[in-house]
Amino acid sequence: MSVPSTTGSAAPQVCTTCPYCGVGCGVLAQPDGHGGLTISGDKSHPANAGRLCSKGSALGETVDLADRLLTPEIDGAPADWDNALDLVAQRFRDTIAQHGPDSVAFYVSGQLLTEDYYVANKLMKGFIGSANIDTNSRLCMASSVAGHRRAFGTDTVPGLYTDIEDADVVVLVGSNMAWCHPVLYQRLVAARKARPEMRVINIDPRRTATSDIADLHLAIEPGSDAALFNGLLAEIVAKGATDQAFTAEHVTGFHEALEATSSGDLAATGLPPGQIRAFFDLWLRNEKVVTVYSQGVNQSSSGTDKVNAIINCHLATGRIGRPGMGPFSVTGQPNAMGGREVGGLANMLACHLDIEVPEHRAAVKDFWNSPGIPDGPGLKAVDMFRAVRDGRIKALWVICTNPAVSMPDADAVRAAIEACDFVVVSDVTGRTDTARLADVRLPATGWGEKDGTVTNSERCISRQRAVLPAPGEARHDWRILADVAARMGWQKEFDYRNPAEIFREYAALSGIAGTLGRDFDISAKADISDSDYESLAPFHWPCSARKIGGRFFADGQFYTGDGRARMLPVTPREPVSRPSADYPLRLNTGRVRDHWHTMTRTAKSPRLSQHLAEPYLELHPADAQDRGLAPADLARVESRVGTAILRVVVTDRVRPGSVFAPMHWTGETASAGRIDAVVAAVTDPVSGQPESKGSVVQVARFDAGWYGFAVSAAEPFPTDAYWAKARMRDGWRTELAGDACPDDWEAYARALFDLPDAEVLSLLDPTRGLARLALLRDGRVAAALFASPSPVAVARNHVATLVGTMAEAATLSGRPGADMPDPGATVCACFDVGVNTVLAAIREQNLASVEAIGAALQAGTNCGSCRPELATLLAAAQVREAAE
Ligand code: SF4
């Protein structure tokens, strides 16, 4: 659907949806006439009402064609579509004929649109005859799915985002909402401002940007969430806060769940009794409590139990499905929910039908007119790549995801993919760690070029719409899959003309699921026309003759055999890996504010790349001191399975004994920043979700012979022991470290920047190991390198402005002149405001609030994603001032 231009441009604005997190914000996108897009928030979308975070706001910077895969490739050589599709179909057909259907697998993504997902799932489960299709959502929220299914009988998110705004107490468990679901966080902040009596509790071992809004931050021992919620359940019963009528009529397992609480010990949380008491009191005193949980709960070897421990408390008090209360899982990916609904997980059928239930399988088989549906689940992600490694899976198709980076034990996964007989990758770029390993690379359309639907964390289905043409020979994922299906012999069953046809088929199947008693039913949309689909407005499921939108479970009706919810007995368990003398530190992994997954899109944006330009390790001052580590040193992080080299950030935001590293850096952006190479492949026994926050590691100084910082107009390709590169406005910035100083810095720099004939300006001090060089083209700086025997201390944001300027005497100083203050590291990506600028304004203008900073500098006044960091800077400045 498009709306008339409001900017004077000839092209209309297109209503679409953000491709990043599970908040699912509506976006207005408009071609800017130069290949890019002008982006704004869609005021009419129920998720964001016009707001966008830094990532969403920068979408227009990510649609260029640099690094795009524009033509199919076979063994690295360009091929035409017919040859590539013939080869894929033939190799899958031959492998299945020789080794059976379970010798092939699809590994797909929560970034796919529902229509793409539907076709992939139909092809694998309905026609190939294997359930070996799993999705990277397994790494994100499979424990929530499993917890929902155990408690409710189906994978239902009971509430709506407005419940978070209407609650009197919001409990955020394992959720850095300020960075990972920023617009939902902004809604929470606005609601709290409107109702200051609202209380926010943040349960997280790490103090994050989200903790800054919390009235109570419970820095629990990693993995002790179940002990805390078991304790809460016992307290609910002890204080007579149970909803006896609700539990008597609508819940089973109450006594078993209560009995299991005696096996836990609140001391395991490591929290002072006063904090536990304050948490329990707030929970018990207020009926309107929403418990929001995310990856900190899910990514655990006992993630499903943790989910059920939370749900138990809501069931015991009947606080579910009513305004302002309930458990609330927020998903990481834009269409994690759509993937759950459409059967993208190896253990589910489409439309929340169960693969183990013969009646459900028969219904889907009849509807698809398929030869048969497997009668049990396929391999979940970790097991799938183990099967690739040991040769049970011989043909693998990876669609729109990057498992060589994002899977735990990522080096082993990378080796398994490399050794697999036949690997196909469909993606927007061939420059991912996984795509580089493929026998066949298929160019897929990306966000802004494709059409379909996605579902956000509150069950809202929205359209993603194309605003740009498909580039080169890129094709839509559903079409690529359908073309392969046709070549495998199922032309008629996959003869789709457009995504609207797929959506109608899916909606019709959901109607059958509805008659079989399932919650996911959008059959009211089964007959919509192509033009209705084109203009489809966001709607919450279900959408059928029986029920339209709203919440679930206030009526006490659940989707179990007897219609009652299940409370589960939960025995708290520590993470599987225990700290030891060899591996004494607990590794937590997670997201940063301005990057998304393995950065194939966000790394294109100079704005987003400036916030945190390098992979890093947060560790506590005491742990840093024990290891002789100072801020800006490099550290080697090692587990039993792998190693990473990361920049040291010393902070008391992490607990002693714990370290944190972001998940985003890849082999394309850093030499050794793939943190999932360090994470052990331990999984939850119920959900199969990996324990991404519970590995144990040792950390030691990475002693380099020299350290460097470089800027360049063109992308460099370093081969040193350590490097990490990021885009900036006029090129690239690169951090470097090497074992031994090059004998000839000039030759090194010419090779690094591929500028063999450039004029060189240099300042070399071999005795002190210092080198400063600028490589010039027509007198202008094409690249510059600053090297020293310790981490380089130059004003990086200033050096980044040198590229393209006329060289002069001050070029190699690495510092701005007195008349050009160094803005420091970027805090506000929207207005490019640095930390030094903010601190100077606070000091010089006596700024006392985030709003005042916004008025003075604009920082925080657009997307608002940096407001928690502005608040932190303000608080730190005020503490400093009070101490002076
Ligand atoms: Fe996109 Fe940000 Fe909205 Fe998430 S919160 S959907 S990343 S704009």
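Now for a quick tour of the structure. Please read these numbers as outputs of a predicted model, since none were measured by experiment.

1. Topic: the environment of N286
- Residue position: N286 is located in the loop between helix 11 (273–285) and strand 13 (289–293).
- If we ignore the near neighbours within four places in the chain, the residues touching N286 are D168, V169 and R319.

2. Brief notes about the sheet that holds strand 23 (residues 616–619)
- One closed barrel accounts for six strands, arranged 22-26-23-25-24-27; its pairing is mixed. Direction aside, neighbouring strands of the sheet carry axes that sit 45° apart on average.
- Where strand 22 (residues 585–590) meets strand 26 (residues 658–662), five bridges bridge the pair, whose relative direction is parallel. The residue bridging L587 from the neighbouring strand is V659, located in strand 26.

3. Re the packing of helix 26 (residues 835–845) against helix 27 (residues 850–857)
- Closest axis-to-axis distance for the helix 26/helix 27 pair is 11 Å, and the angle between their directions is 105°. Looking at the two axes, helix 26 sits roughly perpendicular to helix 27. Side by side, helix 26 and helix 27 meet where T837, V838, A841, I842 and Q845 of the first sit next to I853, A856 and L857 of the second.
- Along the lines of polarity and charge, the residues of the contact of helix 26 with helix 27 split into six nonpolar, two polar and no charged.

4. What about the site of the ligand?
- Near the ligand you find C18, Y20, C21, G24, C25, L52, C53, K55, G56, P182 and V183, and these make up its full shell.
- The pocket occupied by the ligand, as judged from atoms lying within 2 Å of grid points, is the second largest cavity.
- Mapped by element, the contributors of at least two residues to the shell around the ligand are helix 1 (54–57) and helix 7 (182–194).
- Residue composition of the shell around the ligand, grouped by class: eight nonpolar, two polar and one charged.

5. Quick notes on the layout of surface pockets
- When its volume is computed, the largest pocket comes out at roughly 1400 Å³.
- Together, 45 residues line the largest pocket, and H611, L612, Y616, V649 and A825 are the ones closest to its centre.
- When residues of the lining of the largest pocket are traced back to their parent elements, those giving at least two are helix 22 (606–611), strand 23, strand 25 (643–650), strand 30 (731–738), helix 25 (796–799), strand 34 (826–828) and helix 28 (867–883).
- Ranked by residue count, the leading element in the lining of the largest pocket is helix 28, at five residues.
- Grouping the constituent residues of the lining of the largest pocket by class yields 23 nonpolar, ten polar and twelve charged.
- When its volume is computed, the second largest pocket comes out at roughly 600 Å³.
- Along the walls of the second largest pocket sit 23 residues, with Y185, V189, V850, E851 and R867 positioned nearest its centre.
- Elements supplying a minimum of two residues to the lining of the second largest pocket: helix 7, helix 27 and helix 28.
- Looking at the lining of the second largest pocket, the element that brings in the most residues is helix 7, giving seven residues.
- Grouping the amino acids of the lining of the second largest pocket by side-chain chemistry returns twelve nonpolar, five polar and six charged.

6. Points about unusual backbone geometry
- Of the consecutive residues W541 and P542, the connecting peptide bond is found in the cis state with omega at 5°.
- Along the chain, P542 falls in the loop between strand 20 (539–540) and strand 21 (565–566).
- Here A49, not a glycine, exhibits a phi torsion of approximately 45°, which is positive.
- Within the element layout of this structure, A49 appears in the loop between strand 4 (37–41) and helix 1.

7. Observations regarding helix 15 (residues 358–368)
- Those residues of helix 15 not exposed but buried are H360, R361, A363, V364 and W368. Within helix 15, the buried residues cover an arc of 160° as seen down the axis, which keeps them to one side. Of the exposed residues in helix 15, those oriented more than 90 degrees away from the buried face are P358, E359 and D366.
- Structurally, helix 15 contributes buried residues whose contacts are with helix 3 (114–128) and helix 20 (499–515).
- In the segment just after helix 15, N369 is the residue with positive phi, at about 55°.

8. Let's talk about helix 24 (residues 745–753)
- Within the sequence span of helix 24, burial applies to W745, Y748, A749, R750, L752 and F753.
- On its buried face, helix 24 is in contact with strand 28 (706–712), strand 30, strand 31 (759–765), strand 32 (770–777) and strand 33 (780–788).
- Looking at where helix 24 begins, the residue whose side-chain oxygen comes 3.0 Å from the main-chain nitrogen of E746 is D744.
- Among the residues trailing helix 24, D754 stands out with phi positive, at a value near 50°.

9. Examining the sheet that holds strand 30
- Spatially, six strands are ordered 29-30-28-33-32-31 in an open sheet, and the strand pairing comes out antiparallel. Edge positions in the open sheet fall to strand 29 (722–728) and strand 31, since each of these has one partner strand only. Averaged over all pairs of adjacent strands, the angle between strand axes in this sheet comes to 10°, irrespective of strand direction.

10. Regarding the packing of helix 3 against helix 19 (residues 477–490)
- At their nearest, the axes of helix 3 and helix 19 sit 8 Å apart, and the two run at 20° to each other. Regarding the angle of helix 3 to helix 19, the classification is roughly parallel. Classified by chirality, the crossing of helix 19 by helix 3 is left-handed. In this structure, helix 3 contributes E115, D116, V119, A120, L123, F127 and I128 to the contact, and helix 19 contributes D477, W478, L481, A482, A485, M488 and W490.
- When its residues are assigned to classes, the contact of helix 3 with helix 19 shows eleven nonpolar, no polar and three charged.

11. Considerations on empty space enclosed by the protein
- Going through the model one piece at a time under the given rule, you end up with four cavities of 30 Å³ or more.
- Size it by volume and the second largest cavity reaches roughly 90 Å³.
- The wall of the second largest cavity is formed by C18, Y20, C21, V23, G24, C25, L52, C53, K55, G56, P182 and V183.
- Residue assignment for the lining of the second largest cavity shows that the elements contributing at least two residues are helix 1 and helix 7.
- Class assignment of the residues belonging to the lining of the second largest cavity gives a composition of nine nonpolar, two polar and one charged.

12. Quick notes on the pairing of strand 16 (residues 422–427)
- Burial of strand 16 is extensive: six of the six residues sit out of reach of the surface.
- Burial of strand 16 is two-sided: the residues F422, V424 and S426 facing one way and the residues V423, V425 and D427 facing the other way are all buried.
- Pairing of strand 15 (residues 395–399) with strand 16, which is carried by five bridges, proceeds in the parallel orientation. Within strand 16, the residue paired with A395 across the bridge is F422.
- Taken together, the four bridges between strand 16 and strand 17 (residues 440–443) define a ladder with parallel strand orientation. Each bridged residue has a counterpart across the sheet, and for V425 the counterpart in strand 17 is R441.

13. So, the environment of R867
- Mapped onto the secondary structure, R867 falls in helix 28.
- Of the residues examined, R867 reaches a relative accessible area of 30% and is grouped as partly exposed.
- Each residue touching R867, except ones within four places of it in the same chain, is listed here: V850, E851 and G860.

Here is what the cut-offs are and how they apply
- Residues numbered from 1 in each chain as written.
- Predicted model: local features only at pLDDT ≥ 70, side-chain atom pairs only at ≥ 80, totals over all residues.
- Heavy atoms only, no water.
- Helix = DSSP H or I, 4+ residues; strand = E, 2+ residues; numbered from the N terminus.
- Contact = heavy atoms within 4.5 Å.
- Pairing = 2+ DSSP bridges.
- Axes fitted to C-alpha atoms, helices over the stretch in contact; angles between N-to-C directions.
- Parallel < 35°, antiparallel > 145°, perpendicular 65-115°, else oblique.
- Nonpolar A, V, L, I, M, F, W, Y, C, P; charged D, E, K, R; others polar.
- Near = heavy atom within 4 Å.
- 1 Å grid on protein atoms, 1.4 Å probe; cavity = no way out; pocket = protein on both sides within 12 Å on 5 of 7 lines; lining within 4 Å.
- Sits in = over half its atoms within 2 Å of the grid points.
- Points joined across faces, edges and corners; volume = space filled by probe spheres on them.
- Buried < 20%, exposed > 50% of the residue type's maximum accessible area, 1.4 Å probe, protein only.
- Arc of directions from axis to C-beta.
- Polar contact = N/O pair within 3.5 Å; in protein donor to acceptor, adjacent residues only side chain to side chain.
- Left-handed = near helix turned anticlockwise from the far one by under 90°.

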